[in-house]
Amino acid sequence: MQAATTRALQESEESLNAIFDAGPDAMLISNNEGIIVLASRQVEPILGYKPKELLGQSIELLVPDAYRQEHAEHRNQYIASPTTRLMGQRREITARHKDGNECTVEIGLSQISSAIGVFVASSIRDIRDRKSAEDAVRAHAEKLRYLYELSPLGIVLTDMEGRYLEFNQAFEKICGYSAGELRALDYWQLTPRKYEDAEKKILDDLACTGHYGPYEKEYVRKDGTVVPLRLNGAQVAASNGEKFIWSIVEDISSRKQSEDKIRELAFFDHLTGLPNRALLHDLLRRAISSSQRSEMFGALLLIDLDNFKTINDTRGHTVGDQVLTKVAELLKKSVRNDDIVARLGGDEFVVVLVHLDSEINDAAGSVKEIAEKILDVLDHRIQLGNSSFQCTASIGASLFRGAETTQEDLIKQADLAMYRAKAMGRNTISFFDPTMEAAVLARATLEQELRIAIDENQFTLYYQPQISKTKEVIGVEALIRWLHPNRGLVAPDGFIEVAEETGLILSMGHWVLHTACLQLSRWAKMPEFEDLTLAVNVSAHQFGQADFATQVQAILLTTGANPYRLKLELTESVLMVNAKEIAAKMSSLKSLGVGFSLDDFGTGYSSLSYLKLLPIDQLKIDRSFVRDVLLDPNDAAIARTIIALAHSLQLSVIAEGVETQDQQKFLDTAECDSYQGYLFSKPLPIDEFEKFHSDA
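Quick caveat: nothing in here was measured; it's all calculated off a predicted structure.

Considerations on the pattern of salt bridges
Then, in step 1: Tallied over the full model, the rule gives 36 salt bridges.
Then, in step 2: In this structure, the salt-bridge partner of Arg286 is Asp282, at a minimum N-O distance of 2.8 Å. One end of the pair, Arg286, and the other, Asp282, are both in helix H13 (residues 277-294), 4 residues apart, so they sit about a helical turn from each other.
Then, in step 3: According to the relative accessible area criterion, Asp282 is partly exposed, its value standing at 23%.
Then, in step 4: Note that Lys620 is salt-bridged to Glu477, the shortest N-O span being 2.9 Å. Of this pair, Lys620 sits in strand E24 (residues 618-621) while Glu477 sits in strand E19 (residues 473-484); the two residues are 143 residues apart in sequence, bridging distant segments of the chain.
Then, in step 5: Glu477 sits in the buried class, given a relative accessible area of 5%.
Then, in step 6: Ionic contacts of the salt-bridge type, sharing partners, join the residues Glu477, Glu569, Lys620, Arg623 and Glu656 into one network.

In structure tokens, the structure reads:
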């Protein structure tokens, strides 16, 4: 019987070595009497014996005399254990090398029950090096053992019909079936039919090489859930020629979930679930390639929500996030199934429209139609619980067909068009125009020149007189001018907007305020100028600085200017951010004697509450009302209303942009207090203003 068994195992040795030789451990197969019937190649580097030298030898050959009884007891105890189908607990033993020296190895026992008999497999691992370094790596080894225990492998023996013959408990746990259920289970109850072609390839691989894998598939567990797996296997044959398949099955659910999560984090926006910038580039590349093959136009729409910052500032970021999520849903519903909706970040979204038309005009018409649909959907109030929000958008569009325009250029073009849409009044769509790119380059140049201008002090102040009803000069407004080295004198319209957008307005505004206060200090020593007030415009960015009031106080102290002669002009946009904070700053400066004028009154989001709550001294009628005060009854009514309102609140009122005597007469009749405009004087450099005042 022993000889027959040995011959049968030897006949399958070549196939079994495919499994035995795959790892670093030595594998010994012995029968119930402890006679070695099969040995792997790794025996020699660990114990010094060639595999053939061990065949027919007792397993005790490899155990020193002092440890033979202990080893025999452990082996017999294992064989008699009712848990023989489990991998035996690995233990360290002292083994004997062929040269007679003792060595420490780790051994694990497992029982193999198959069609050809019951055997004990000994897995022998050389741990001499590990033992020598054990103290240094103990903590690391503990982590590795912990990870190993969390990643159990299933081991299963099947016949060529797919019947489950032998398996360990890890395999049972993976499948969710008991041992009895697995043995009675049809193969295709566990493996979905969609893998039929793949299973045929596995059989082909086994026939050609005797191995298969690594191979990924899914099992349907007993509870109906699907578990992803990674399998490796080898084919073995019994002495009678019957073939079997040993497979190692790894549950890779955690890995798959991690991969899905990593992919989600890498390519999808965490808030809206839309593709993010990274995935957009890949999707856009495919859309461009598709347009080249189909010769049909596509388009990229860059969508920026109008005034979204106001929602964040007034209602908080949580509500802002809810609005963005709702906008994402509305965008997906507004486009076709093949189109792409992505989020770049903040309140910027991208829509890629594909397969529009082969004619550019028709394609542009389709883009306009879809964009207007988006604008219409977003223009309706977004309902979130008991609150609703108006959420219009500005859309920039850029057409493409083929790879003539790169992804980066497409996004850049759409971005330019989007800013043009904002400049057109928002809540509209604008198509990219090459002239827009030139405008952006010019803007970049202007920004760089402005930075140089600040460093080199290329600015000066001009002064425009403010005239009373009795034609006396009662004050001036300080207006910045740029003494450009090449373009000469540049008015604020040519650079203030860029200064606001880039934050350069802070340095610029501080210089204006300091220079104006220095001038007030000089005039205080000149009797004919000492009673003049000097008005200085303050931008929203500048006034919004937390220490603005402290800055003004410091400038007044260092320049020696009389605060009662300083008047700060604020626009209504300054007052919209945080009423309590604004009131605190204004009150702090008011206590020093600084006055306040509300500039461009009536052109913004006017609220009478500003006039009630804030320490304002003067209202300024905007030039847009003054210009047509004699032609437009509405402008005339607005001007009268502002004057009457100011007087009823004990405020003074000044009209700017007065250019004709008829305009002045109308305003005189309406009882306007003072004027400013070209009828009296344009803004003048300091020496010309002082002469103008002296001659007045």
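Read on for the rest.
Some details on the nonpolar core
Then, in step 1: Counting 76 residues, the largest nonpolar core has Leu566 and Leu568 as the members making the most contacts within it.
Then, in step 2: Broken down by element, the residue count for this core peaks at 8 residues, all from helix H20 (residues 505-523).
Then, in step 3: Setting aside anything within four residues of it in sequence, one finds Leu568 in contact with Leu513, Val536, Val538, Phe548, Leu589, Val594, Gly595, Phe596 and Ser597.
Then, in step 4: Counting 35 residues, the second-largest nonpolar core is a separate cluster that includes Val319, Val335, Leu356 and Ala371.

Re the sheet that holds strand E9 (residues 226-237)
Backbone-to-backbone hydrogen bonds pair the strands of a sheet. The strands run either parallel or antiparallel.
Then, in step 1: The sheet built from 5 strands is open, its strands ordered E7-E6-E10-E9-E8 with antiparallel pairing. Two strands lie at the open edges of the sheet, namely strand E7 (164-167) and strand E8 (211-220), each paired on one side alone. Put simply, the sheet's adjacent strands are angled 30° from each other on average, direction ignored.
Then, in step 2: As defined by bridge partners, E8 adjoins E9 across 8 bridges and the pair is classed as antiparallel. Paired with Lys217 across the two strands is Leu229, which belongs to E9.

Quick word on unusual backbone geometry
Then, in step 1: In the segment running from Gly213 into Pro214, the intervening peptide bond is cis, with an omega of -5°.
Then, in step 2: In the Ramachandran plot, Asn457 falls in the positive-phi region, its phi being about 55° despite a non-glycine side chain.

Quick look at the pairing of strand E2 (residues 36-39)
Then, in step 1: Across 3 bridges, the pairing between strand E1 (residues 26-30) and E2 is antiparallel. Its bridge partner being in E2, Ser30 is matched across the sheet by Ile36.
Then, in step 2: Taken together, E1 and the strand that follows it, E2, pair antiparallel across an intervening segment of 5 residues, in which Gly34 is found at a positive phi of about 85°.

Quick word on H13
In an α-helix, one turn spans 3.6 residues; hence positions three or four apart end up facing the same way.
Then, in step 1: Between its terminal C-alpha atoms H13 stretches 25 Å, which fits the 26 Å expected from 18 residues at 1.5 Å a residue.
Then, in step 2: Buried within H13 we find Leu279, Leu280, Leu283, Leu284, Ala287, Ile288, Ser290 and Ser291.
Then, in step 3: A distance of 3.2 Å separates the backbone nitrogen of Ala278 from a side-chain oxygen at the start of H13, and that oxygen is part of Asn276.
Then, in step 4: After H13 finishes, the residue Glu295 shows a positive phi value of roughly 60°.

Some points on the confidence of the model for the protein chain
Then, in step 1: Confidence in the prediction of the protein chain, expressed as mean pLDDT, is 85, and 90% of residues score 70 or more.
Then, in step 2: The model gives residues 144-149 a pLDDT under 50, and that stretch makes 0 contacts with residues more than four places away or in other chains.

Procedures and definitions
Residues numbered from 1 in each chain as written. Predicted model: local features only at pLDDT ≥ 70, side-chain atom pairs only at ≥ 80, totals over all residues. Heavy atoms only, no water. Salt bridge = Lys/Arg side-chain N within 4 Å of Asp/Glu carboxyl O. Helix = DSSP H or I, 4+ residues; strand = E, 2+ residues; numbered from the N terminus. Buried < 20%, exposed > 50% of the residue type's maximum accessible area, 1.4 Å probe, protein only. Core = buried A, V, L, I, M, F, W, Y, C linked by side-chain atoms within 4.5 Å. Contact = heavy atoms within 4.5 Å. Pairing = 2+ DSSP bridges. Axes fitted to C-alpha atoms, helices over the stretch in contact; angles between N-to-C directions. Expected span 1.5 Å × (residues − 1). Polar contact = N/O pair within 3.5 Å; in protein donor to acceptor, adjacent residues only side chain to side chain. pLDDT = per-residue confidence, 0-100.

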